[in-house]
Amino acid sequence: MAERAALEELVKLQGERVRGLKQQKASAELIEEEVAKLLKLKAQLGPDESKQKFVLKTPKGTRDYSPRQMAVREKVFDVIIRCFKRHGAEVIDTPVFELKDFDIAGNFDPMIPDAECLKIMCEILSSLQIGDFLVKVNDRRILDGMFAICGVSDSKFRTICSSVDKLDKVSWEEVKNEMVGEKGLAPEVADRIGDYVQQHGGVSLVEQLLQDPKLSQNKQALEGLGDLKLLFEYLTLFGIDDKISFDLSLARGLDYYTGVIYEAVLLQTPAQAGEEPLGVGSVAAGGRYDGLVGMFDPKGRKVPCVGLSIGVERIFSIVEQRLEALEEKIRTTETQVLVASAQKKLLEERLKLVSELWDAGIKAELLYKKNPKLLNQLQYCEEAGIPLVAIIGEQELKDGVIKLRSVTSREEVREVDVRREDLVEEIKRRTGQPLCIC
């Protein structure tokens, strides 16, 4: 246990280093080196020889977030963690990561864990309801094989790969100019690459490339295409093949990927009919990294791994922007009812009523003011997303009733008088709480 605690502390410290380098905008090479060290430590947290699924969980945050921002983060994290646990993950708390990671480590038959990772990614993005998305998939072996048959020297593989990876942001002509003008690639070689990397589709494209007279003769590419064909079979069984696109321009920058790679992008509605939806940013990514852990294992054991990362910070921003655009309210508390007063000098009555509700298991609160204005109390409910207000007034006290108001918006309110002895049951009925059967 002491050894594991020490390892977890190392993960924490290394994670802080990675985060600091990102904030300082350090070089990609340095960040990649430190990420590799971090992944090594992560892999050492669990067993090597059996199936292991683990999650590195970003805490729900102690930075200076507003109640609204905290509520958004709580909801996003809850969706992600529920999905991870549904797929059998062990959740490991580390207070340093900005991404949510799910990884499967161990030796298994091809493409089964890879397909599950893509299924998880689709489940999370669908549950978050942040818009239409597409998951691009490719394979590093296909890329390497493609570069080889196109005439790219081994020494230029990675630098050309980084150029190709920009195709989701700039045109092919710009990418070609960079490869030829800045990286010294022959124009005819760039043209051959362009014939491949501008293609995207489904399993039919995989089958087409399996028949490609040049690509099918490359051993690496053939292995990658065979695995992708199998992957699409599993994705069809999982019911998500319509969300997946085989995209030959997807390269992913990190060298430790060894097989399938994938990236989820949100889609923007086309400006004109007939145009394809546009990708507006990556919200999740991952792939297979079979060689990384073995490089650092003190016993030299090889541990195949595949995983995914959810870009939670980007998702937080998207959710917040959507809520602002739609002027939607989000609950920042679990409080079910606010006990309010319509006139002054009713603090004692509010305290009595809120105590009754607490004793009955109702999540209730009141403003800590002796004589709050009714408008201020209603505004508080709207801002916090509290669905009900129990209003005490002088006339209500005489009549033995409480005015129960449903606060959905200022324009739409529903208010009824409820006898005090019936208030608890009415609140439970409205909030979906189980009623007391006596």
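For clarity, every value in this text was computed on a predicted model and none was experimentally measured.

A. Focus on the overall build of the protein chain. Scanning the protein chain for helices and strands turns up 16 helices and 14 strands. Taken over 438 residues, the protein chain has a buried fraction of 47%. Contacts spanning at least 24 positions in sequence make up 67% of the contacts within the protein chain whose residues lie at least 6 apart. As displayed, the protein chain offers around 22500 Å² of accessible surface, 50% of which is attributable to carbon and sulfur atoms.

B. Structural detail: helix 9 (residues 203-210). Among all positions of helix 9, only Leu-205, Val-206 and Leu-209 are buried. Projected down its long axis, helix 9 shows its buried positions confined to an angular sector of 105°, all on one face. In this structure, the buried side of helix 9 is in contact with helix 8 (187-197), strand 5 (200-201), helix 10 (219-237) and strand 6 (244-247).

C. Here's a closer look at the pairing of strand 3 (residues 100-105). For strand 3, the buried fraction is high: 6 of the 6 residues fall into the buried class. Every second residue of strand 3 is oriented toward a common face, with Lys-100, Phe-102 and Ile-104 on one face and Asp-101, Asp-103 and Ala-105 on the other, all of them buried.

D. Region of interest: the packing of helix 6 (residues 157-164) against helix 7 (residues 172-182). At a minimum axis distance of 9 Å, the contact between helix 6 and helix 7 shows a crossing angle of 160°. Of the possible angle classes, the one that applies to helix 6 and helix 7 is roughly antiparallel. At the point where helix 6 passes helix 7, the crossing takes the right-handed sense. Residue-level contacts link Ile-160, Ser-163 and Val-164 of helix 6 to Val-175, Glu-178 and Met-179 of helix 7.

E. Representation of the pairing of strand 9 (residues 305-310) in the model. In terms of burial, strand 9 is a largely internal element, 6 of the 6 residues being buried. The side-chain alternation of strand 9 yields two buried faces, one formed by Cys-305, Gly-307 and Ser-309 and the other by Val-306, Leu-308 and Ile-310. Both strand 3 and strand 9 contribute to a ladder of 6 bridges, which runs antiparallel. If you follow Phe-102 over to strand 9, its bridge partner there is Leu-308.

F. Looking closely at the packing of helix 5 (residues 140-150) against helix 6. In the contact formed by helix 5 and helix 6, the axes pass within 11 Å of each other and the chain directions differ by 110°. As the angle between them shows, helix 5 and helix 6 are arranged roughly perpendicular. Note on element contacts: helix 6 touches helix 5 through Phe-157, Arg-158, Ile-160, Cys-161 and Val-164, opposite Arg-140, Leu-143, Asp-144, Phe-147 and Ala-148. The residue inventory of the contact of helix 5 with helix 6, partitioned by class, reads 7 nonpolar, no polar and 3 charged.

G. Inspection of the nonpolar core at higher detail. Counting residues in each nonpolar core, the largest one holds 93 residues, and the members touching the most others are Phe-84, Val-135, Phe-147, Ile-193, Phe-246 and Tyr-262. The biggest single contributor to this core is helix 4 (residues 112-128), with 9 residues. Ranked by size, the runner-up nonpolar core spans 17 residues in total, among them Val-337, Ile-362, Ala-364 and Leu-404.

H. Spatial organisation of the side chain of Arg-140. Its place among the elements puts Arg-140 in helix 5. Residue classification places Arg-140 among the buried positions, given a relative accessible area of 2%. Here the side chain of Arg-140 touches Ala-251 through a polar contact of 3.5 Å, landing on its backbone oxygen.

I. The environment of Val-135, seen in detail. By the secondary structure assignment, Val-135 is in strand 4 (residues 133-139). Using a relative accessible area of 0% as the deciding quantity, one classes Val-135 as buried. Residues Val-135 and Phe-246 lie 111 residues apart in sequence; the distance between their C-alpha atoms is 8.6 Å. Beyond its immediate chain neighbours, meaning those up to four positions away, Val-135 contacts Leu-118, Met-121, Cys-122, Lys-243, Ile-244, Ser-245, Tyr-262, Glu-263 and Ala-264.

J. Spatial organisation of the environment of Gly-194. Here Gly-194 lies in helix 8. When its relative accessible area of 2% is taken as the criterion, Gly-194 is described as buried. Spatially, the C-alpha atoms of Gly-194 and Val-164 are 9.0 Å apart, while their sequence positions differ by 30 residues.

K. Representation of the pattern of salt bridges in the model. Counted by the stated rule, this structure contains 20 salt bridges. Note that Asp-290 is salt-bridged to Arg-288, the shortest N-O span being 2.6 Å. The buried category is assigned to Arg-288, whose relative accessible area is 12%. In this structure, Glu-426 engages Arg-429 in a salt bridge whose closest nitrogen and oxygen atoms are separated by 2.7 Å. On the criterion of helical spacing, the pair formed by Glu-426 and Arg-429 is a turn pair, its members being 3 residues apart in helix 16 (residues 423-431). On the basis of relative accessibility, which here comes to 17%, the residue Glu-426 falls in the buried class. A relative accessible area of 53% places Arg-429 in the exposed class.

L. Main features of the packing of aromatic side chains. In this structure the tally under the stated criterion is 3 aromatic pairs. Ring centres of Phe-84 and Phe-102 lie 5.2 Å apart, and the angle between their planes is 45°; on these two criteria the pair is classed as tilted. With Phe-84 in helix 3 (residues 67-86) and Phe-102 in strand 3, this pair connects stretches of sequence that are 18 residues apart. Assigned by exposure class, Phe-84 and Phe-102 land together as buried. The ring centre of Phe-133 lies 4.5 Å from the NZ or CZ of Lys-243, which sits over that ring.

M. Geometry of the confidence of the model for the protein chain. Predicted confidence across the protein chain gives a mean pLDDT of 82, with 80% of residues reaching 70 or more. Across residues 434-438, confidence stays below pLDDT 50; counting only partners more than four residues off in sequence or on other chains, it has 5 contacts.

Calculation criteria
- In this convention, every chain numbers its residues from 1, walking through the sequence in written order.
- In keeping with the predicted nature of the model, local features appear solely for residues at pLDDT of at least 70, side-chain atom pairs appear and are counted solely at 80 or more, and the whole-chain, interface and lining totals rest on all residues.
- Side-chain metrics rest on all non-hydrogen atoms present in the structure, leaving aside hydrogens and water.
- Working definition: helices are DSSP H or I runs of at least four residues, strands are E runs of at least two. Numbering for both runs from the N terminus.
- The rule is simple: take the accessible area with a 1.4 Å probe, protein chains only, and divide by the maximum for that residue type; under 20% is buried, over 50% is exposed, in between is partly exposed.
- Throughout, a contact is declared for two residues whenever any of their heavy atoms are within 4.5 Å.
- What sets the accessible areas is the Shrake-Rupley method with a 1.4 Å probe; for residues, cover comes only from the shown protein chains.
- As used here, the arc is the angular range of directions from the helix axis to the C-beta atoms.
- Each axis is a line fitted through C-alpha atoms, and for a helix only the stretch in contact is used; angles between axes span 0 to 180 degrees, taken between their N-to-C directions.
- Every angle not falling under 35 degrees, over 145, or within 65 to 115 is termed oblique; those three ranges are roughly parallel, roughly antiparallel and roughly perpendicular.
- By convention the crossing between two helices is left-handed if the near helix lies anticlockwise of the far one by an angle smaller than a right angle, and right-handed if it lies clockwise.
- Pairing between two strands requires that DSSP report at least two bridges joining them.
- Amino acids are sorted into nonpolar (Ala, Val, Leu, Ile, Met, Phe, Trp, Tyr, Cys and Pro), charged (Asp, Glu, Lys and Arg) and polar (every other residue, Gly among them).
- Note on terminology: a nonpolar core comprises buried Ala, Val, Leu, Ile, Met, Phe, Trp, Tyr and Cys residues joined through side-chain atoms within 4.5 Å.
- Residues adjacent in sequence count toward polar contacts only when both atoms are side-chain atoms; beyond that, a polar contact is any pair of N or O atoms within 3.5 Å, and within protein one must be able to donate a hydrogen and the other to accept it.
- One speaks of a salt bridge when a side-chain nitrogen belonging to Lys or Arg is within 4 Å of a carboxyl oxygen belonging to Asp or Glu.
- Between the rings of Phe, Tyr and Trp (Trp by its six-membered ring), a pair exists once the centres lie within 6.5 Å; its type follows the angle of the planes, with under 30 degrees stacked, over 60 edge-to-face, and the other angles tilted.
- Any Lys NZ or Arg CZ found within 6 Å of a ring centre and within 35 degrees of that ring's normal is scored as a charge over the ring.
- pLDDT is defined as a per-residue confidence score from the predictor, taking values between 0 and 100.

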